[in-house]
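# Remarks on the overall topology
Chain residues, written in single-letter form:
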Amino acid sequence: MTNNTFVNHPPEVVVPDDNRPLVAPIYQSVKFSFDDPAETLRFLRGERAGFFYSRTSNPTLRQLELTLAQIQGRGDCLLVGSGVATIAATLLALCKQGDHVLAFIESYGPTRYIVQHLLAKYGVTHSLLSIEDLAGIERVLDASPTRLVVFESPTNPVTKIADIEHLTTHARRTGCLTVMDNTFAGFHNHGAYDVDVFLHSLTKYASGHGDVMGGAIIADAALIDRIRKDVVSMGPTLDPHAAFLIQRGMRTYFLRYERECANALAVSRFLHSHARVKRVFYPGLETHPQHALAKRQMKDFGSVVSFEVDGGLEEGNRFAQALRLFSITPSVGSTESLVMPPQLLGGQEFTAAQRAASLIGRGTVRLSIGIEDATDLTADLAQALDAAFVT
Ligand SMILES: Cc1ncc(COP(=O)(O)O)c(C=O)c1O
């Protein structure tokens, strides 16, 4: 064998069965082979375990799928390349021409885009309500057969809380599937509710360090099987190295989430007491209009704190620029704190009525609180609020 051939057939290093690595290796391989074509066929027919091609399945991804399914409390999980891919892939897999979908003004921007533009291209109609409009939700579900309702809680950016039991009860009664983007609340929340499909952007709390993207679709095994069939043919696969990094992030998920929640409560209490802050939105604050509902539904309240700064757009932007520990950047759930000033928050396409229902004002600022020391964070917020009002 020449070296040219040899480097394409490197020596195999076999780890003995009784000599396991503590951290699972990254199976950075697109292809897996069986020695016997008959065994390959048996695998393809679903008659034996194994792996063949990583767009369909991969051991590194499977470990993460099993981990996430377990902590969300469902039978199976399907990983994809981003949080947005979970939304597009799930809705495309579950809807067909002529179906009707219920979504919300408070839904994540790309979710609204997928419902209003992408699904619409394939003849799927929709209703767009406020997540707080409980009577409207019942009215829509009763009036037109609805294939699915897609929702979030807490919502982005002003942390409204969906009444999950109300939604799932009326959806179940009318034969409508429930799809919940559970990214903000995390895998350890909402599993006890009768939600059919949970979606997560793994880019946030799961990876936790702002260095990798991914998404998880979690449901019972039969529903995941159905979704997997369509999604594998669309091809939004997660890379094994990304899955490895997210699996590593999950080791500290609970520690990070707990610390971020404690910091978020400290920050929201500080903002609530500040003279230049008109209103604070954090479900863990007793003053949040849906605090009781959040307490009933959630074990903790997340790391996203929004508030309405005195003045408006200019003050909000000056405040964000004056911060030293918070970077002006999208996303949430990182170890470091982040800020989105009013100028960069979504909802620009809303009608006046939709904007009023969204509660996004001219001075709305969204913070994603990290694991830093809470006293450093509040000191930074204090100096930036002072700086925003120096003329
Ligand atoms: C609630 C929610 N869902 C989904 C996503 C999309 O996730 P990704 O950025 O991984 O595509 C985001 C991103 O900000 C989000 O906030």
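These notes cover the structure that comes with them. Starting from 1, residues in each chain are numbered consecutively following that chain's sequence as written. Given that the model is predicted, a residue must reach a pLDDT of at least 70 before its local features are reported, and side-chain atom pairs must reach 80 or more before they are shown or counted; all residues, however, enter totals for whole chains, interfaces and linings. Heavy atoms throughout the structure, all of them, feed into the side-chain values; hydrogens and water do not.

## Brief notes about the site of the ligand
- Think of it this way: one heavy atom of a residue within 4 Å of a molecule or strand is enough to make that residue near it. Residues in close proximity to the ligand include Ser82, Gly83, Val84, Tyr108, Asp181, Thr183, Phe184, Ser201, Thr203, Lys204, Met213 and Gly214, which together make up its full environment.
- Pairing of N or O atoms within 3.5 Å defines a polar contact, subject to two protein rules: one partner must be a possible hydrogen donor and the other a possible acceptor, and residues neighboring in sequence count only if both atoms are side-chain atoms. At 2.9 Å, a backbone N or O of Val84 approaches an oxygen atom of the ligand.
- With respect to the ligand, the side chain of Lys204 contributes an N or O atom lying 3.0 Å from an oxygen atom.
- Within the complex, 91% of the 400 Å² of free accessible area of the ligand lies under protein.
- Polar here means any residue other than Ala, Val, Leu, Ile, Met, Phe, Trp, Tyr, Cys and Pro, which are nonpolar, and Asp, Glu, Lys and Arg, which are charged; Gly is therefore polar. Among the residues forming the shell around the ligand, the class breakdown is four nonpolar, six polar and two charged. Values of accessible area rely on a 1.4 Å probe in the Shrake-Rupley scheme; residue burial ignores everything except the protein chains shown.

## Here we look at the pairing of strand E4 (residues 148-152)
- Residue burial is assigned from relative accessible area. The probe radius is 1.4 Å, only protein chains are included, and a residue is buried under 20% of its type maximum, exposed over 50%, and partly exposed in between. Note on conventions: DSSP H or I runs of at least 4 residues are helices, E runs of at least 2 residues are strands, and numbering of each starts at the N terminus. In terms of residue burial, E4 counts as a mostly covered element, since five of its five residues are buried.
- Bridge count between strand E2 (residues 100-104) and E4: two bridges; the pairing is parallel. Pairing of Leu102 across the sheet is with Val149, part of E4. Paired strands are those between which DSSP finds at least two bridges.

## Remarks on the pattern of salt bridges
- The salt bridge criterion pairs a side-chain nitrogen of Lys or Arg with a carboxyl oxygen of Asp or Glu, the two atoms within 4 Å. The final tally for this structure, using the stated rule, is 17 salt bridges.
- In this structure, Glu47 engages Arg45 in a salt bridge whose closest nitrogen and oxygen atoms are separated by 3.7 Å.
- You can call Glu47 partly exposed: its relative accessible area is 44%.
- Judged by its relative accessible area of 51%, Arg45 falls in the exposed class.
- Across the pair Arg62 and Glu65 runs a salt bridge whose closest N-O atoms are separated by 2.7 Å. With Arg62 and Glu65 both in helix H3 (residues 59-72) and three residues apart, the pair spans about one turn of that helix.
- Residue class for Glu65 comes out buried when judged on its relative accessible area of 4%.

## Here we look at the packing of aromatic side chains
- A pair of Phe, Tyr and Trp rings is counted when the ring centres sit within 6.5 Å of each other, with Trp represented by its six-membered ring. The angle between the planes then sorts it: under 30 degrees is stacked, over 60 is edge-to-face, the rest tilted. Tallied over the full model, the rule gives ten aromatic pairs.
- Ring geometry for Tyr253 versus Tyr257: centroids 5.8 Å apart, planes at 40°, classification tilted. With a gap of four residues between them, Tyr253 and Tyr257 both fall in helix H10 (residues 253-272), about one helical turn apart. Of the two residues, Tyr253 and Tyr257, neither departs from the other in class, the shared state being buried.
- Grouped by ring-pair contacts, the aromatic residues Phe187, Tyr205, Tyr253, Phe254 and Tyr257 constitute a single cluster.
- Positioned over the ring face of Phe389 is Arg276, at 4.0 Å from the centre of the ring. Charges are assigned to positions over rings by a cutoff of 6 Å between ring centre and Lys NZ or Arg CZ, combined with an angular limit of 35 degrees from the ring normal.

## Considerations on unusual backbone geometry
- The residue after Ser153, namely Pro154, is reached through a cis peptide bond having omega -10°.
- Along the chain, Asn156 connects to Pro157 via a cis peptide bond; the corresponding omega equals 5°.
- With a phi angle near 50°, Thr159 is a residue other than glycine that sits in the positive phi range.
- When its relative accessible area of 1% is taken as the criterion, Thr159 is described as buried.

## Observations concerning the state of the cysteines
- Sulfur atoms of two cysteines make up a disulfide when they are within 2.5 Å. Under the defined criterion, the tally for this structure stands at zero disulfides.
- Cysteine Cys95 remains unbridged, with the sulfur of Cys176 as its closest cysteine sulfur at 9.6 Å.
- For Cys176, a relative accessible area of 2% translates into the label buried.

## With respect to the side chain of Glu315
- Relative to the elements of secondary structure, Glu315 occurs in helix H12 (residues 313-322).
- Other than its neighbours up to four places away in sequence, Glu315 contacts Val309, Asp310, Ala388 and Phe389. The criterion used for residue contact is that any of the two residues' heavy atoms lie within 4.5 Å.

## Some points on the side chain of Gln383
- Here Gln383 shows up in helix H14 (residues 374-388).
- A distance of 2.7 Å separates the side chain of Gln383 from the side chain of Asp380, its partner in a polar contact.
- If we ignore the near neighbours within four places in the chain, the residues touching Gln383 are Ala322, Leu323 and Arg324.

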